Amino acid sequence: MRGATPGTGNGEPRSARAERLWFRARVVQTIRAFFVARGYLEVETPHRIPAPAPEAHIDAVPADGWYLHTSPELAMKRLLAAGHPRLFQVCRCFRRAERGRRHLPEFTMLEWYRAGADYRDLMAETEALVGEVAGACGGAPGDLARPWERLTVAEAFARHTATTPEASLADGSFDERIAFEVEPHLGRGRPTFLTDYPAALAALARRRPDDPAVAERFELYAEGLELANGFSELADPAEQRLRFEEERRARAAAGRDPYPMPEPFLADLGRMPEAAGIALGVDRLVMWLAGAASIDEVVALTPEEL
Amino acid sequence: MAVYSAGELRKGLKLEIEGQPYHIVDMEFVKPGKGQALYRCRLRNMVTGTQVDRTYRSGDSFQSADVEERVMQYLYNDGAFYTFMDQKTYEQLQITADQMGDSKYFLTDNLEVDVLLFRERPIGVTLPNFVVLKVVRADPFAKGDTATNVQKPVTVETGYELPVPAFVEEGEKIQIDTRTGAYVTRVKG
């Protein structure tokens with residue numbers, strides 16, 4: 001088994017699931033070492049928060065009047081604003097009603113943020129991180145030679161669909177096109193960065209100065225599996241408030257629970273330096289590296305086993 | 001009947017769509033980053049057997065199918081209709097020869113079957129895996145035939161014809177696999 005670690009001490013062979021847990025632990029240890037070596041501060045921010053970032057399609061699990069965070073993003077950006085230029089966190093994130101072969105309602109996310117960087121810098125750093133993890137853990141499927149493929153959303157639509165991102169946003173078919181027509185082709189044999197999303201789909205990302213209809217956002221795919229989402233951060237509190245309002249309107253229109261506006265975050269945002277940040281699914285990374293077909297294979301216990 | 005939300009969809013659930021009962025054969029939860037949840041379902045029409053693929057979104061809601069399986073006893077047929085009886089209520093219902101399909105060849109007196117009903121109307125029958133039927137017509141076994149695996153066609157009491165080993169005689173009872181229609185073994189008594 002790729003990445004197997006020698007002996008448990010009692011000399012007995014481990015089950016496949018146990019092997020994967022050792023493999024997963026090694027991945028997480030390598031991730032930590034990578035960021036520590038580059039001068040990143042590891043932080044832990046509260047899981048239980050009063051105001052999740054308003055997102056049209058992500059619901060937070062209620063927790064005693066507040067909510068469990070769906071991502072540590074808002075807290076991480078407040079820490080950037082407080083004067084920490086390089087931060088990372090590996091933590092649990094919680095999302096309602098997300099369960100499938102690639103989803104767990106509770107999962108592990110790696111997020112890292114770097115002041116003075118943009119999304120292109122983060123793509124390069126992601127290549128370096130994954131290269132180091134693959135190197136320490138027995139390799140990865142496919143070819144990791146850099147640079148990896150970079151494809152804009154517009155190019156991906158032109159290649160794999162009969163429509164455009166704008167047209168499919170207008171007729172409501174964007175998510176289906178991405179999920180069923182585009183994603184399965186991405187990252188085959190070599191990882192792919194899908195970049196430059198329509199600005200409406202990146203409420204927390206900065207728009208491209210040369211093309212404001214598009215945001216400096218990217219997603220990483222490997223063998224059709226979505227691994228990470230990163231962007232140049234929007235640092236304008238006024239624009240961020242407007243984008244949050246749009247997300248809240250979309251939530252209300254879909255009958256979803258309203259969340260309070262994250263005022264302390266908006267207050268701090270004006271002090272945040274130019275930065276870029278990224279969220280990477282650790283379970284997904286392990287799935288890809290280990291060749292697991294289901295996320296259940298790379299976690300210690302699934303919710304159904306509890 | 002119950003109403004399901006998209007988040008409750010799973011394999012095995014029975015839904016009514018456009019007046020027809022469907023069984024979810026497979027369900028995949030798909031959610032592109034920052035996008036909406038999509039529920040990709042493979043559905044089988046429980047009446048016609050045809051499969052369709054449908055993608056649903058959160059916010060969609062579904063009617064559960066009024067489908068029931070009842071154990072009933074086969075009574076008789078008049079060529080066009082096959083009559084079954086519920087042994088608890090003595091209620092009888094009829095299934096057309098068309099709906100029975102090949103299952104009609106494996107019915108024995110008082111055989112217990114599972115009748116599938118949609119909105120109280122029969123849409124299908126499931127037989128036990130094996131039934132015992134009497135051979136009513138067979139050419140006799142010739143003593144000189146020593147070649148192995150020789151088969152001959154016989155007819156059983158329901159009019160069904162099938163190949164059996166050459167040693168099977170007229171008047172004997174045989175066990176048939178109702179899923180394949182094939183001979184399994186001779187049965188004594």
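All of these numbers come straight from a predicted model, not from anything done at the bench.

## Here's the deal with the overall build of chain A
Inference 1: Each helix and strand in chain A was counted, giving nine helices and twelve strands.
Inference 2: Taken over the C-alpha trace, chain A has a radius of gyration of 19 Å; the compact-globule value for 306 residues is 19 Å, and the two agree within 12%.
Inference 3: The dimensions of chain A, computed from C-alpha atoms along their principal axes, are 60 × 45 × 40 Å.
Inference 4: Expressed as a percentage of its 306 residues, the buried residues of chain A come to 54%.
Inference 5: The long-range fraction of contacts in chain A, counting pairs at least 24 apart against all pairs at least 6 apart in sequence, stands at 67%.

## Side note on the sheet that holds strand β15 (residues 173-177) of chain B
Residues and elements named next belong to chain B.
Inference 1: The antiparallel open sheet is built from five strands, whose spatial order is β14-β13-β12-β15-β16. Taken across any chain shown, the strands that pair with only one partner, and hence form the sheet edges, are β14 (161-165) and β16 (182-187). Between one strand axis and the next, the sheet turns by 50° as a mean value, whatever way the strands run.
Inference 2: Direction of pairing for strand β12 (residues 130-138) relative to β15: antiparallel, over a ladder of five bridges. The partner of V131 across the bridge, within β15, is I176.

## Focus on the environment of L285(A)
All names here are of chain A.
Inference 1: Looking at where L285 falls in the secondary structure, it is placed in helix α9 (residues 282-290).
Inference 2: Each C-alpha atom of the pair L285 and T126 lies 12 Å from the other, and the pair is 159 residues apart in sequence.
Inference 3: Those residues in contact with L285 that lie beyond four places of it in its chain are V27, I31, V130, L227 and L280.

## Concerning the nonpolar core
Residues and elements named next belong to chain A.
Inference 1: Counting residues in each nonpolar core, the largest one holds 46 residues, and the members touching the most others are L110, W112 and W288.
Inference 2: Counting residues per element, the ones that place at least two in this core are α1 (16-37), β5 (86-94), β6 (106-115), α3 (119-136), β10 (211-222), β11 (225-232), β12 (275-281) and α9.
Inference 3: Take this core: its biggest share by element is eight residues, from α3.
Inference 4: In contact with W112, not counting residues within four places along its chain, are F35, Y40, L87, F88, L122, E125, T126, L129, A276, G277, I278 and L280.

## Digging into empty space enclosed by the protein
Inference 1: All chains considered together, the criterion is met by one cavity of 30 Å³ or more.
Inference 2: Considered as a void within the structure, the largest cavity measures approximately 70 Å³ in volume.
Inference 3: Lining the largest cavity we find F174(A), D175(A), I178(A), E183(A), Y197(A), L201(A), R217(A), Y221(A), P32(B), G33(B), K34(B) and G35(B).
Inference 4: Broken down by secondary-structure element, the contributors of at least two residues to the lining of the largest cavity are α6 (174-182) and β10 of chain A.

## A closer look at the interface of chain A and chain B
Inference 1: Each partner contributes to the interface: chain A provides 23 residues, whereas chain B provides 15 residues.
Inference 2: Summed over both partners, the interface of chain A with chain B comes to about 1600 Å²; 51% of that surface belongs to carbon and sulfur atoms.
Inference 3: Linking chain A with chain B are three salt bridges.
Inference 4: Two residues, E55(A) and K34(B), come together in a salt bridge whose shortest N-O distance is 2.8 Å.
Inference 5: At the boundary of chain A and chain B, one finds eight residue pairs in polar contact (both at pLDDT 80 or more).
Inference 6: Among the elements of the structure, α6, β10 and β11 of chain A are those that each provide at least two residues to the side of chain A that touches chain B.
Inference 7: For the side of chain A that touches chain B, the element with the highest residue contribution is α6(A), accounting for five residues.
Inference 8: Taken together, the residues of the side of chain A that touches chain B sort by class into six nonpolar, six polar and eleven charged.

## What to know about α9(A)
Residue and element names in this part refer to chain A.
Inference 1: Most of α9 is tucked away: nine of the nine residues are buried.
Inference 2: What α9 keeps buried is the set V282, D283, R284, L285, V286, M287, W288, L289 and A290.
Inference 3: Positioned one or two residues after α9, G291 has a phi angle of 70°, which is positive.

## So, the pattern of salt bridges
Inference 1: One pass over the structure, following the stated rule, counts 41 salt bridges over all chains.
Inference 2: For R177(A), the salt bridge goes to E181(A), with nearest N and O atoms at 3.0 Å. In this pair, R177(A) and E181(A) are both assigned in helix α6, four residues apart and thus about one turn of the helix distant.
Inference 3: Since its relative accessible area comes to 23%, R177(A) is described here as partly exposed.
Inference 4: Judged by relative accessible area, E181(A) falls into the partly exposed class, the value being 26%.
Inference 5: In this structure, R119(B) and E16(B) form a salt bridge, with 2.4 Å as the shortest nitrogen-oxygen distance.

## Some words on the pairing of strand β8 (residues 81-85) of chain B
Residue and element names in this part refer to chain B.
Inference 1: A large share of β8 lies buried, amounting to four of its five residues.
Inference 2: Note that strand β7 (residues 67-77) and β8 share four bridges and pair antiparallel. Counterpart to Y76 in the pairing with β8 is T83.
Inference 3: The turn joining β7 and β8, which pair antiparallel and follow one another in sequence, is formed by three residues; a positive phi near 95° is taken by G79.
Inference 4: Taken together, the five bridges between β8 and strand β9 (residues 92-96) define a ladder with antiparallel strand orientation. Note on β9: the bridge partner recorded for Y82 is I95.

## Here we look at the packing of α1(A) against α3(A)
Residues and elements named next belong to chain A.
Inference 1: As a packed pair, α1 and α3 sit with axes 9 Å apart at the nearest point and diverge in direction by 135°. The angle between the axes of α1 and α3 places the two elements in the oblique class. Read as a crossing pair, α1 and α3 show a hand that is right-handed. On α3, the residues that touch R26, V27, T30, I31, F34 and F35 of α1 are E125, A128, L129, E132, V133 and A136.
Inference 2: Classifying every residue of the contact of α1 with α3 by side-chain character gives eight nonpolar, one polar and three charged.

What counts, and where the lines are drawn
- Starting afresh in each chain, residues are numbered from 1 along the sequence in its written order.
- A letter from A marks each chain and a number from 1 marks each ligand, given out in the order of writing.
- Local features are withheld for residues below a pLDDT of 70 in this predicted model, meaning they are given only at 70 or higher, and side-chain atom pairs are given and counted only at 80 or more; totals for whole chains, interfaces and linings count all residues.
- Derived side-chain values reflect all non-hydrogen atoms in the structure, with water molecules and hydrogen atoms excluded from consideration.
- Where helices and strands are cited, they refer to DSSP runs of H or I of at least four residues and of E of at least two residues respectively, numbered from the N terminus.
- Radius of gyration here uses only the C-alpha atoms, and the compact-globule reference equals 2.2 Å multiplied by the residue count raised to the power 0.38.
- The buried label applies to any residue whose accessible area, calculated with a 1.4 Å probe on protein chains only, is under 20% of its type's maximum; exposed applies above 50%, and partly exposed to all values in between.
- By definition, residues are in contact when any of their heavy atoms lie within 4.5 Å.
- Here the rule is simple: two strands pair whenever DSSP picks up at least two bridges between them.
- Every axis in this analysis is a line fitted to C-alpha atoms, fitted for helices over the stretch in contact. Angles between the N-to-C directions lie between 0 and 180 degrees.
- Among buried residues, the Ala, Val, Leu, Ile, Met, Phe, Trp, Tyr and Cys ones that are joined through side-chain atoms within 4.5 Å form a nonpolar core.
- We place a 1 Å grid over just the protein atoms. Points where a 1.4 Å probe fits but has no way out form a cavity, open points with protein on both sides within 12 Å along at least 5 of 7 lines form a pocket, and any residue with an atom within 4 Å of a point lines it.
- Grid points are joined across faces, edges and corners, and a volume is the space filled by probe spheres set on the points.
- A 1.4 Å probe defines the accessible area here, and the buried area is the portion of it lost by two parts on being joined, summed over both.
- One side-chain nitrogen of Lys or Arg within 4 Å of one carboxyl oxygen of Asp or Glu is enough to make a salt bridge.
- Each polar contact in these results corresponds to two N or O atoms within 3.5 Å; when the atoms are within protein, one needs to be able to donate a hydrogen and the other to accept it, and residues that are neighboring in sequence are counted only if both atoms are side-chain atoms.
- Residues are grouped as follows: nonpolar covers Ala, Val, Leu, Ile, Met, Phe, Trp, Tyr, Cys and Pro; charged covers Asp, Glu, Lys and Arg; every other residue, Gly included, is treated as polar.
- Every angle not falling under 35 degrees, over 145, or within 65 to 115 is termed oblique; those three ranges are roughly parallel, roughly antiparallel and roughly perpendicular.
- Each crossing gets its handedness from the near helix: less than a right angle anticlockwise from the far helix is left-handed, clockwise is right-handed.

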